[in-house]
Amino acid sequence: MINQTDQMVYRLGNLDALQQKISYQMATGKKLEKGSDDSLLYAREVLVDDKIRTFEGLKTQLERVKGQNNMADSSMAEVKKLIEFTKAELIKANTATTSADGMKAIAANLEGLKQNIFDLANTQSEGEYLFSGSDSSVKPFEKDADGKISYVGNNTLRKVAVEEGSYRERGITGLDAMMFTASISAPGEVMSFKANDGIIDQDGNTWRLNTPTNDTLVKYDSYGKATSTTITPVNLNTTTNSYEATIPATPIDSKFEVKTNIFNVLDDVINSLKQIDSSGNPITLEQAREGISKGMNDIDKAFSAITVSHAELGGRNKTFEVSLERLSSKLTHYNILSQELGAADLSKVAMEAKSLELTYTALYSTISKMNQLSLVNFMN
């Protein structure tokens, strides 16, 4: 009698545990309440959920990058429109019918246009500068007290994760966005450049004058940090108002590319339209028209360089768009897999619940009959 009672209690305990499991599955729709219920299945769920969290993080980042890429693309498109407008204005200014007052009016228009391009060059998205290189916290272009604009970013593109362990370069630097190649010099040759021109060696490092003395070129690494490597002396050519330095064969041994700042070109053109030189001294109308013609040629070079850079930007942007689509597909797949692994079969659970109900009924009926037996009847 006592042995049968223990068996009944044991069976009730098992039924109660099964009831708790079925109740949890029906309430949550999940198959497992605890990992110990099925350790193999639980391990698969953990792996899939980890993948989902990773891909969700990557997707969020790529969606943010997509917005920044669209902003950069829009800014470059606007810069091209402004340069095309500049070309049209210079063609108009370089005709014999345009008076000195008309040229000054065009100069005023171009000064406003220069400010617009400056603002576009410093475009921000979500608190990050888009054309500053690898350090997006640095404002890429700065204007000094004389209105001269210089690039202070670096020549390294930011890398963004598009997959686990896979990265792609994003955007373009200000050196690509707002400058064009003016000259390339080899070791032993004299390199000529303006104070705020961009200078890059063949290893991708940038070089800048040490202010305020401007007598030494200082090498900056790919992250924009000044190094101990320098080139001296640097001399000012007062005739051309440009700096000159001889590239040493050792220890540097590198080709140097001088990139002309589009803002320098605009400054020179605006001065020519005002009939003054870079120092503010008056020049003749003939000299002014020569300056305008040179400016038109430089503007054409700038437009060609910016068009190429815009195309490169578009190619990189497309890479991120494709990566985002592929990542979204993977995330959808893993979400479906997670549901299939973790979801309880509610039809099966309902059948189990009904079977459990019948088992409970039968067991309690048996217990009731046992309780009605007397010890004498039981012994008989």
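Keep in mind that what you see is a predicted model, and the values were worked out from it rather than measured.

Draft legend 1. Structural view of unusual backbone geometry. At the junction of Thr-211 and Pro-212, the peptide bond is cis and its omega measures out at 0 degrees in the coordinates. Structurally, the position occupied by Pro-212 is in the loop between strand 10 (206-209) and strand 11 (217-220). For the peptide bond that leads from Thr-232 to Pro-233, omega is -5 degrees, which places it in the cis range. In this fold, Pro-233 is placed in the loop between strand 12 (226-231) and strand 13 (235-237). The phi dihedral of Glu-126 is positive, around 55 degrees, even though this residue is not glycine. Looking at where Glu-126 falls in the secondary structure, it is placed in the loop between strand 1 (124-125) and strand 2 (128-129). On the accessibility criterion, Glu-126 (52% relative accessible area) is exposed. The phi angle at Asn-214 is positive, at roughly 55 degrees, despite the residue not being glycine.

Draft legend 2. Highlighting the nonpolar core. Grouped together as the largest cluster of nonpolar side chains are 44 residues, with contacts concentrated most on Ile-117, Phe-141, Met-178, Phe-263 and Leu-273. Of all the secondary structure elements, the ones that give two or more residues to this core are helix 2 (39-93), helix 3 (100-121), strand 4 (149-151), helix 4 (174-177), strand 7 (179-185), helix 5 (262-274) and helix 6 (285-342). At nine residues, the largest contribution of residues to this core is made by helix 3.

Draft legend 3. Main features of the packing of helix 3 against helix 5. Look at helix 3 against helix 5: their axes get within 8 Å of each other, and the N-to-C directions meet at 165 degrees. Relative to helix 5, helix 3 is oriented roughly antiparallel. For the element pair helix 3 and helix 5, the recorded crossing hand is left-handed. Note on element contacts: helix 5 touches helix 3 through Phe-263, Leu-266, Asp-267, Val-269, Ile-270, Ser-272, Leu-273 and Lys-274, opposite Met-103, Lys-104, Ile-106, Ala-107, Leu-110, Glu-111, Leu-113, Lys-114, Ile-117, Phe-118 and Ala-121. Of the residues contributing to the contact of helix 3 with helix 5, the split by class is 13 nonpolar, one polar and five charged.

Draft legend 4. Structural detail: the packing of aromatic side chains. As enumerated under the stated definition, the model contains six aromatic pairs in all. Measuring from ring centre to ring centre gives 6.3 Å for Phe-118 and Phe-263, while their planes differ by 80 degrees; the resulting arrangement is edge-to-face. Here Phe-263 lies in helix 5 and Phe-118 lies in helix 3, a separation of 145 residues in the sequence. Given the relative accessible area of 7%, Phe-118 is considered buried. Taking the relative accessible area as the measure of exposure, Phe-263 reaches 0% and is therefore buried. Seen in terms of ring centroids, Phe-193 and Tyr-243 are 6.1 Å apart; in terms of plane orientation they differ by 25 degrees. Their pairing is stacked. Residue Phe-193 is located in strand 8 (residues 190-193), and its partner Tyr-243 is located in strand 14 (residues 242-246); the two are separated by 50 residues in the primary sequence. As far as burial versus exposure is concerned, Phe-193 and Tyr-243 are alike and both buried. One aromatic cluster in this structure is built from Phe-118, Phe-141, Tyr-151 and Phe-263. Geometry around Tyr-220 places Arg-208 over its ring, the cationic atom sitting 4.0 Å from the centre.

Scoring rules and cut-offs
Residues numbered from 1 in each chain as written. Predicted model: local features only at pLDDT ≥ 70, side-chain atom pairs only at ≥ 80, totals over all residues. Heavy atoms only, no water. Helix = DSSP H or I, 4+ residues; strand = E, 2+ residues; numbered from the N terminus. Buried < 20%, exposed > 50% of the residue type's maximum accessible area, 1.4 Å probe, protein only. Core = buried A, V, L, I, M, F, W, Y, C linked by side-chain atoms within 4.5 Å. Axes fitted to C-alpha atoms, helices over the stretch in contact; angles between N-to-C directions. Parallel < 35°, antiparallel > 145°, perpendicular 65-115°, else oblique. Left-handed = near helix turned anticlockwise from the far one by under 90°. Contact = heavy atoms within 4.5 Å. Nonpolar A, V, L, I, M, F, W, Y, C, P; charged D, E, K, R; others polar. Phe/Tyr/Trp six-rings, centres within 6.5 Å; stacked < 30°, edge-to-face > 60°. Lys NZ or Arg CZ within 6 Å of the ring centre and 35° of its normal.

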